[in-house]
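# A look at the structure
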Amino acid sequence: MNEPLIQHHWVALAAPRVAPALATSTVLILGRIWNANGAEHSTGNAALMIVLAAGAATAGAFAAGGRGGGDGVLAATAFATSGGLALAGVAGYADGWSLPILLWAVATAVAYGIAARYWRTDRRDTLAHTRQTTVRREEHGHIERVEALRAGAQIEAARTGAAYAEQLATALITRAALPGYDPQALTNAGLPELTAHNTSKEH
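Residues numbered from 1 in each chain as written. Predicted model: local features only at pLDDT ≥ 70, side-chain atom pairs only at ≥ 80, totals over all residues. Heavy atoms only, no water.

### Describing the packing of aromatic side chains
Our working definition: Working definition: rings of Phe, Tyr and Trp (its six-membered ring) pair if their centres are within 6.5 Å, and the pair is stacked with planes under 30 degrees apart, edge-to-face with planes over 60 apart, and tilted otherwise. Residue exposure (1.4 Å probe, protein chains only): buried if accessible area is under 20% of the type maximum, exposed if over 50%, otherwise partly exposed. We call a charge positioned above a ring when the Lys NZ or Arg CZ atom is no farther than 6 Å from the ring centre and deviates by at most 35 degrees from the ring normal.
Applying the stated criterion to the full structure yields one aromatic pair. Taking 6.2 Å as the distance between ring centres and 65° as the angle between the ring planes, the aromatic pair formed by Tyr112 and Trp119 counts as edge-to-face. Given a relative accessible area of 27%, Tyr112 falls into the partly exposed group. Positioned above the aromatic ring of Trp97 is the side chain of Arg32, whose terminal nitrogen or guanidinium carbon lies 4.7 Å from the ring centre.

Spelled out as structure tokens, the structure:
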């Protein structure tokens, strides 16, 4: 059984690798744009971002501590949102680039650390799927080879039987054409009568 081969474009393969850095960089840029538009030293804006970041972190904690081990994807999303809001708040409130760049570097490293865990899991799942596909393909190939050998053996046996029957019929016809052939003698010797001879007697 042939299975379709899927080839991904290099952009699709590289996108997950650059996504964490792209996300944190986007938050940093938006935070600095917000800073340039009046968020710098704005206590109200900073308090809003603190509340939103704390709310997202609390939601992540609840998602991680739910029944049955919680929802890992939802918890990771909530914590990532919390970190992004905190980074945006600092980038918008802080004076200068030093602290926002430092937090951006930390956030990017943490994002890659979390993503690496999912990449390892995905790689293990992909390898397991590849092994199962290979084993399944080999099993199907083995079954097809066995069936082909069995069919070939049956065809060869049928061909040999047909050749033997043809040779036997030729021998009987040749024997019947010889002078002195006596079917009754064959019957007396314990050999079965020929069907053609029985048919002629009935008539």
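Next comes the rest of the account.
### Quick word on a positive patch on the surface
Rules: Patch membership is restricted to residues that have no salt bridge and whose relative accessible area is over 30%. Joining uses 9 Å for like charges and 5 Å for the nonpolar side chains Val, Leu, Ile, Met, Phe, Trp and Tyr. All accessible-area figures derive from a Shrake-Rupley calculation using a 1.4 Å probe, and residue coverage is judged against the displayed protein chains alone. For this analysis, a salt bridge means a side-chain nitrogen from Lys or Arg found within 4 Å of a carboxyl oxygen belonging to Asp or Glu. The positive count covers Lys and Arg only, the negative count covers Asp and Glu only, and His and the chain ends enter neither. By convention, the charge on Lys lies at NZ, on Arg at CZ, on Asp at CG and on Glu at CD. Each helix corresponds to a stretch of at least 4 residues labelled H or I by DSSP, and each strand to a stretch of at least 2 residues labelled E; elements are numbered beginning at the N terminus.
On the surface, a cluster of positive charge is contributed by Arg17, Arg117, Arg120, Arg123 and Arg124. The residue Arg17 is located in helix 1 (residues 10-39) in this model.

### Re the side chain of Ser82
Take Ser82: it is sitting in helix 3 (residues 72-93). Classification of Ser82 as buried rests on a relative accessible area of 10%.

### Quick look at helix 2 (residues 43-64)
Note the cut-off: By definition here, a helix of n residues has an expected span of 1.5 Å times n minus one. Comment: arc refers to directions from the helix axis out to C-beta atoms.
Look at helix 2: 31 Å from first C-alpha to last across 22 residues, which is about the 32 Å you get at 1.5 Å a residue. Here helix 2 has its buried residues at Ala46, Met49, Ala53, Ala56, Gly60 and Ala63. The buried residues of helix 2 occupy an angular sector of 120° when projected down its axis, which confines them to one face. Counted as exposed and oriented over 90 degrees from the buried face of helix 2: Thr43, Gly44, Ile50, Val51 and Phe62.

### So, the confidence of the model for the protein chain
Selection rule: Each residue carries a pLDDT value, the predictor's own confidence for that position, ranging from 0 to 100. Here a residue-residue contact requires only that any non-hydrogen atoms of the pair lie within 4.5 Å.
Mean pLDDT over the protein chain: 77, with 78% of residues reaching 70 or higher. Put simply, helix 6 (residues 195-202) is where the protein chain has its lowest mean pLDDT, 46, and helix 4 (residues 98-177) is where it has its highest, 86. Below pLDDT 50 for its whole length, residues 1-5 participates in seven contacts with residues either more than four positions away or in separate chains. Scored below 50 in pLDDT, residues 197-203 makes three contacts in the model with residues more than four places away or belonging to other chains.

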